[in-house]
Amino acid sequence: MRRPPLSQHTTDVKVFVPRASNWVEARGGDVDRCETFEIAVEQRRLGALSAPETNQLDEHLASCASCRQFADFVGHSEKVMTTADATLNDTDWAYIKKTLRRASTVVRDQRLLHFILCVAAAPLMVLAIGVEPAVVLPRFLAVMTLAFIARVFLDRRLAHQMHGIGARNADFFDRYRAFVKRQVRMLWLSILWFPVFACLIDALGWVLGRTDEFTTLCRGLLVVVAVLVSVWLYRVPLTRYRQIRAQLP
Amino acid sequence: VTFDTVFAELRAPVFKLCFRMLGSRHEAEDALQETFLAVHRGLSGFRGDATVKTWVYRIALRSALKVRADRETASRTLDESLEKSVVPEPALEAREEAGRLQAALASLSAEHRAVLALSALDGASHQEIAEVLGIPAGTVGSRLHNARKRLMDIVRPR
């Protein structure tokens, strides 16, 4: 069945009101035509009908029990939807706003963490790639840089998951915020540790009068330790995240 | 436009929209928080392609759909919704009808529920609904009609 032709539009909004000449007294007899008027009922609620179109619709409703029933149902369902609305009092809003503020702090901290990691990774990478092998640091820094970059991505994924859960739990945000702050502090310390460790290795080799092989071995060991520490740093928030998640309803 | 302004102006309609989408106060709060978190993150990069209200409503719908998708069982939410719905002192029959309507709303598809929820917002215009849903303005009426008919069929089967 085809829908009847639409009206000439008297406003700039396209509506589904048929030409008056095509309107019929659809007392349950012409379902398709009634559907057009039912759509017009919805359009009227949204203020999309012109005055003449509204009058035409009213005329039709006066003579069509089926469309009138639909219009009544529209009004009734709207009323139920609006009266059944839950409301929030001032305390609820204050709590929500407090949670949002905490959440935004976490987001800011997270951005700071990523920024610092990226800024730190760039020169380390240049140093690792550009410096001669004989000079302090190279392999160690290269691996550490890669570990750092890996942690950036892991942190991003973790943070994404935590935000989803944290939005539902204000206490969680307090703990997570504290965690992020510790992460930032540890990062600063790490940046200082790398050159210090590398210099210590070289100094140790020089003091002990050992060979280059000894220094290389020590560097290798340090790289392993550094990677393990990096993995551990990631395991800590991951474990914490799992613990918190298990406690949530 | 600052976050505080957006929050103050749109928090109530966003909560209503989420509640009507989800039928549960608790879940509506979750969706509300996720919505405004996303608004907070994205407001600085908001390009103004749509109005702020349309943009926020879109986010709210997405958040509500996400919460809805996370929902473990439809029946749990339906029960909660019926418990928390406050219909002021209706007659028993009307109360039953309201209960059936709420249950029917919960069983509608997300698409149908979204258009009904948006149309029930105070002052929501034809054009705004179209923009939020990303559909042509001319199809808002027919989509709304389809949703309403579906609702009617569930509540008052022929």
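Every chain is numbered independently, its residues counted from 1 as its sequence is written. Starting at A for chains and at 1 for ligands, labels are handed out in the order in which the entities are written. For this predicted model, a pLDDT threshold of at least 70 governs which residues receive local features, and a threshold of 80 or more governs which side-chain atom pairs are given and counted, while totals over whole chains, interfaces and linings are taken from all residues. The basis for every side-chain value is the complete set of heavy atoms in the structure, and neither hydrogens nor water enter the calculation.

**Q** Sorry if this is basic, but what is going on with the pattern of salt bridges here?
**A** Two side chains bearing opposite charge may form a pair once their charged atoms approach each other closely. A side-chain nitrogen of Lys or Arg and a carboxyl oxygen of Asp or Glu constitute a salt bridge if their distance falls within 4 Å. All told, the structure shown has twelve salt bridges over all chains when counted by the stated rule. Its salt-bridge partner being Glu42 of chain A, residue Arg45 of chain A comes within 3.4 Å of it at the nearest N-O pair. Of the two residues, Arg45 of chain A and Glu42 of chain A are both situated in helix α1 (residues 31-45); the distance of three residues between them amounts to about one turn of the helix. Note on exposure labels: buried denotes an accessible area under 20% of the residue type's maximum, exposed denotes more than 50%, and partly exposed covers the range between, all computed with a 1.4 Å probe on protein chains only. A relative accessible area of 0% places Glu42 of chain A in the buried class. A salt bridge links Lys66 of chain B to Glu34 of chain B; the shortest N-O distance between them is 3.6 Å. Taken together, the residues span a long stretch of sequence, with Lys66 of chain B in helix α3 (residues 52-70) and Glu34 of chain B in helix α2 (residues 25-42) at a distance of 32 residues. The class of Lys66 of chain B is partly exposed, set by a relative accessible area of 44%. Put simply, DSSP marks the helices as runs of H or I at least four residues long and the strands as runs of E at least two long, and each gets a number from the N terminus on.

**Q** For this particular structure, what's the right way to read the interface of chain A and chain B?
**A** For an interface, size is often stated in terms of accessible area lost upon the parts coming together. On the chain B side, the residues contacting the 42 residues of chain A number 49 residues. Of the roughly 4,200 Å² buried where chain A meets chain B, counting both sides, 65% is carbon and sulfur surface. The tally of links from chain A across to chain B stands at five salt bridges. Note that Glu78 of chain A is salt-bridged to Arg148 of chain B, the shortest N-O span being 2.9 Å. Definition of a polar contact: a pair of N or O atoms within 3.5 Å, with one able to donate and the other able to accept a hydrogen when the atoms are protein atoms, and with sequence-neighbouring residues admitted only if both atoms are side-chain atoms. Remark: the boundary between chain A and chain B carries nine residue pairs in polar contact (both at pLDDT 80 or more). Between two residues, a contact is recorded if the distance between any of their heavy atoms is within 4.5 Å. Accessible area that two parts lose when put together, evaluated with a 1.4 Å probe and summed over both, is termed the buried area.

**Q** Mind showing me how you'd approach the confidence of the model for chain A here?
**A** Do not read the predicted coordinates in detail wherever pLDDT is low. All names here are of chain A. Residue-level confidence of the predictor is what pLDDT reports, using numbers from 0 through 100. Predicted confidence across chain A gives a mean pLDDT of 68, with 43% of residues reaching 70 or more. Predicted confidence in chain A is weakest over helix α5 (residues 138-166), with a mean pLDDT of 65, and strongest over helix α2 (residues 51-63), with 88. For the stretch residues 1-29, pLDDT sits under 50, and the model shows 67 contacts to residues farther than four places along the chain or on other chains.

**Q** Before we go on, may I ask you to explain the environment of Phe7 of chain B in this structure?
**A** All names here are of chain B. Within the element layout of this structure, Phe7 appears in helix α1 (residues 3-22). Take Phe7: its relative accessible area is 1%, and that puts it in the buried class. Sequence separation between Phe7 and His40 is 33 residues; the distance between their C-alpha atoms is 9.4 Å.

**Q** Any chance you could explain the packing of α1 of chain B against helix α6 (residues 110-119) of chain B here in plain terms?
**A** In a pair of packed helices, the angle between the axes and the distance between the axes together describe the arrangement. Residue and element names in this part refer to chain B. Look at α1 against α6: their axes get within 9 Å of each other, and the N-to-C directions meet at 145 degrees. Of the two possible hands of crossing, α1 and α6 adopt the one that is right-handed. In contact with Leu17, Phe19, Arg20, Met21 and Leu22 of α1, α6 contributes Ala110, Arg113, Ala114, Ala117 and Leu118. Under the scheme applied here, ten amino acids are nonpolar (Ala, Val, Leu, Ile, Met, Phe, Trp, Tyr, Cys and Pro), four are charged (Asp, Glu, Lys and Arg), and all others, including Gly, are polar. Grouping the constituent residues of the contact of α1 with α6 by class yields eight nonpolar, no polar and two charged. Note on geometry: axes are lines fitted to C-alpha atoms, helical ones only across the stretch in contact, with angles between N-to-C directions running from 0 to 180 degrees. Left-handed describes a crossing in which the near helix is turned anticlockwise from the far one by less than a right angle; the clockwise case is right-handed.

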